[in-house]
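# A look at the structure
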Amino acid sequence: MNGYAGYILRIDVGAKAFRKEVLDRKLAKDFIGGRGFVDKLIYDEVPVGADPFGPLNKVAAAPGPLSGIFTPASGKVQFGTLSPATGIIGDSNMGGHFGPEIKYAGYDMLIIEGVSNTPVTLVIDDDKVDFKDASDLWGKGSFETEETLKKQLGADFQIATIGPAGENKVYFACINHDFGRQAGRTGIGAVLGAKKVKAIAVKGSKSIPVADPDAVLKVGMNLYRKCFEKPGLAEWTPLGTAGVTPWVNEVGAFPTKNFQTTYFEGHEKIGGQAMKDKIIVTDKGCFACPTPCGKYSRLKKEGKDVYVEGPEYETIAMLGGDCMLPEIEDVAYANRLCDDLGLDTISGGAVIAFALECFDKGIITKEQLGRDISWGDIGSFEFLANIIAKRQGMGDLLAMGTRIAANRLGHDSIRFATQVKGLEWSGYDARWAPAMMISYMTADIGAHHNRSWAITFDVAKGRDTLEGKAKRAVELQRIRPAFDLIGCCRLQWVEIGFELENYEAMFEAVFGERTTWQDIYVAADRLWNMNRVRAMLEIPGFGRDDDYPPKRFMEEPVLSGPAKGKLIDRASCDRLLDDYYMERGWDKAGHPTKKTLEALGLFGCIDELKARGLMA
Amino acid sequence: MHLATIDKLCSGCKACQLACSMTRRKEVNPKRSFIRPEGRFPAPGDYIIKYCTQCGECANVCPTGAISKKGDIYDIDEDLCIQCGACVAACPFSVMLLLDGEKAKKCNACGACVAACPRAAVYDSDTSKGGRY
Ligand code: SF4
Ligand code: SF4
Ligand code: SF4
């Protein structure tokens, strides 16, 4: 099948067995690849109500049909699982070189199932799979683990690892790769940890079949040339995502002090320019990327060199602003700590900011922690990150994320637990950005920006009006996740204005038949609705109530800065939700209608809803 | 066309390898290309681009005289190649390839990598000084 490697690799880490399966054409047609494959796999194969850390849960990793092909930024891979953080399907994408390598090894998806008794590294070398004992690596940081494996296996293996946080089943443990790329969200690292999978190493020597190699070359060259001609290439690339920091502050959307406010005094000291002036040593691109946003940095800590990839914008927002770390070196050091421990910097930052606020309010005490902690103090950050990753003392509770921690701690701390559906809110405050607000409220995995980054739409179209905002969120939730299906990065489109049309010529060269974005959007919508249904099956009463933002965003006006006094109250959230559900073809309770599911061919979903009395 | 490189511009994206394998082999397979951007991580955190400098070391060791200079490049006469691998061992940059069932193959300075490199980290020194911006 052109564009696809043609096989799926299923690995049972309990039985230490593996099997190569032929890729199902219908799966490819209906769900394209990447996020479509991994979420569908979890939907189909992990039983409703399974323990995310038990033997019935699975972890899947899938590149897309364009991954590894001569196309700008074709380096993405998607991981999926039943998320411990949210209890629903969780997925997370990762750049670097891991996804393409899976394709070159001959696979469109890896499925990891079962639970191993002892720590294991999965070594995939084309058709061979080796279960390598990882006892010596258990407890080690992500960096040391990857470095050790590269030395043992060879530099041309692409390696994904977990850190101690993953081993200890921290609900927001990430997967690390290439000394700085992560699949950060929804705690997939913790599920690997529960399976005792310390690392996955892949090497492939195969070619990916394409319909017309001459056309792929010609179109590919053309696409790169078009990227090179964009003024954004030279304007955006040098600072990467970190370059947006001043703008987010100027528009009053920068998470600061656990989102108490949205402008960080001194943000210049932690933004992209400060990085460039002080710590960046090289740009570090993902596979085939024309606009390498990855910045690799070096700083001195106690006389020693510390290396880290980043910080990128989200990390600057969540560790910098939200935890108030004042200097770029602090943010970079905190970034490195999180990466090495295997903590998602978004949720990690949010959880630490939550803990700091709880401490201020006396909800978490010095007696409980054995020390003082304070905003902007790297020592406090390091202490908290460590007790969370190792689940020591109060860290054991914080390791379950802000929702569970707040529910246990009480004192209405749930009000400032910045999460939706159990997933912590990422780096854009939305109290003066309704399109961004509804985007976060409705993102299928929880409060993540990558499904719809709509704040520029708010700024362009008026920040107080609710009109048209839900519609835009739905449009973006179609386009952006479409990139997650094909296996490409979306930032060339978002950041340098590389037009969507450009990809369609490549679809045809690769697949050998005309394929449009519209075809992929349909698959993206199908997936979106399937995930919603799964959430309904998984969580009793799931629906509208799960789509509200934390009370802080509906009831507490922004304290200072350009958005001072702003909030989006519950009535406005309701209006946004009504518009959104209408746009999606869902009812007022936030449930997809039968008609909507039928139109997308999701007949299995209808049957399951009916079987559980959730649909008439 | 004379290939040249500026290592510190490289971001390790492998677009050069894709362009090379597509051009020279009509295959999507960066491992079958004649250029090797190699990252050194976690320290010192940089890339070194290994490419064919047309140094001629391969020609010096070839027992059958299959490799000879034609114009600016060293070229392989596949009829004379006996697949002994001496050239592979001699290449200082590991960019001579001898794959199973094939004759030795090397860079012919076709320039596809130059056209694709987003940073112009690999460039044509006849016409450019390297660097795109
Ligand atoms: S293939 Fe290697 S040895 Fe031969 S000319 Fe090129 S760089 Fe020199
Ligand atoms: S000049 Fe041509 S053959 Fe040589 S490395 Fe570049 S793309 Fe490959
Ligand atoms: S295309 Fe350029 S930047 Fe990318 S790996 Fe090759 S030489 Fe480096």
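Because the structure is predicted, anything quoted here is derived from the model rather than measured.

In this section: the domain arrangement of chain A. Residue and element names in this part refer to chain A. Domain assignment breaks chain A into domain 1 (7-203), domain 2 (237-417) and domain 3 (424-611). Taken over C-alpha atoms, the centre of domain 2 sits 26 Å from the centre of domain 3. In this complex, domain 2 contributes 37 residues to the contact, which on the side of domain 3 involves 29 residues. Regarding the contact of domain 2 and domain 3, the summed buried area is about 2,400 Å², with carbon and sulfur atoms giving 57% of it. By the criterion of area lost to domain 3, the three top residues of domain 2 are Trp247, Phe259 and Arg415, representing 27% of everything that side buries. With its nearest N and O atoms 3.3 Å apart, the salt bridge here joins Glu556 to Arg415. Among the elements that take part in the side of domain 2 that touches domain 3, helix H13 (residues 345-360) stands out by supplying five residues, more than any other.

Turning our attention to the side chain of Lys198 of chain A. Take Lys198 of chain A: it is sitting in strand S12 (residues 197-203). Separated by 2.8 Å, the side chain of Lys198 of chain A and the backbone oxygen of Lys140 of chain A make a polar contact.

What follows deals with the sheet that holds S12 of chain A. One key point about sheets: their strands pair by backbone hydrogen bonds, in either a parallel or an antiparallel sense. All names here are of chain A. Judged by pairing direction, the sheet is mixed, and its six strands sit side by side in the order S8-S7-S12-S9-S10-S11 without closing on themselves. Each edge of the open sheet carries a strand with a single partner, namely strand S8 (128-133) and strand S11 (181-183). This sheet shows a mean twist of 20 degrees between the axes of neighbouring strands, independent of strand direction. Bridging between strand S7 (residues 120-125) and S8 involves six bridges; their strand directions are antiparallel. Bridging from a neighbouring strand, Ile124 pairs with Val129 of S8. Helix H4 (residues 142-153) rests against S7, S8, strand S9 (158-161), strand S10 (175-177) and S12 of the sheet, and its axis sits at about 150 degrees to S9.

Residue and element names in this part refer to chain A. The topology assignment puts Gly90 in strand S5 (residues 89-94). Residues Gly90 and Asp444, 354 residues apart in the sequence, show an inter-C-alpha distance of 8.4 Å. Those residues in contact with Gly90, other than ones at most four positions away along the chain, are Phe79, Gly80, Thr81, Ser83, Thr186, Ile188 and Ile445.

Residues and elements named next belong to chain A. According to the stated counting rule, one finds 30 aromatic pairs over all chains in the structure shown. On the numbers, 6.0 Å between centres and 25 degrees between planes, the contact of Trp517 with Tyr521 is stacked. Placement of the pair is Trp517 and Tyr521 together in helix H23 (residues 517-538), with a separation of four residues, close to one helical turn. Among the residues examined, Trp517 registers a relative accessible area of 4% and is labelled buried. With relative accessibility at 11%, the residue Tyr521 sits in the buried group. Over the ring of Phe143 we find Arg336; its NZ or CZ atom is 3.8 Å from the centre of that ring.

Interface size, as often reported, equals the accessible area lost upon joining of the parts. Facing 32 residues of chain B, the contacting portion of chain A comprises 40 residues. Summed over both partners, the interface of chain B with chain A comes to about 2,800 Å²; 63% of that surface belongs to carbon and sulfur atoms. On the chain B side of the interface with chain A, the three residues burying the most area are Val28, Pro42 and Tyr133 of chain B, jointly 22% of the side's total. At the junction of chain B with chain A, the criterion picks out three salt bridges. We note a salt bridge from Glu101 of chain A to Lys31 of chain B, for which the minimum N-O separation is 2.4 Å.

Rules of the game
Residues numbered from 1 in each chain as written. Chains lettered and ligands numbered in written order. Predicted model: local features only at pLDDT ≥ 70, side-chain atom pairs only at ≥ 80, totals over all residues. Heavy atoms only, no water. Domains from an automatic or database assignment. Contact = heavy atoms within 4.5 Å. Buried area = accessible area lost by both parts, 1.4 Å probe. Salt bridge = Lys/Arg side-chain N within 4 Å of Asp/Glu carboxyl O. Helix = DSSP H or I, 4+ residues; strand = E, 2+ residues; numbered from the N terminus. Polar contact = N/O pair within 3.5 Å; in protein donor to acceptor, adjacent residues only side chain to side chain. Pairing = 2+ DSSP bridges. Axes fitted to C-alpha atoms, helices over the stretch in contact; angles between N-to-C directions. Phe/Tyr/Trp six-rings, centres within 6.5 Å; stacked < 30°, edge-to-face > 60°. Buried < 20%, exposed > 50% of the residue type's maximum accessible area, 1.4 Å probe, protein only. Lys NZ or Arg CZ within 6 Å of the ring centre and 35° of its normal.

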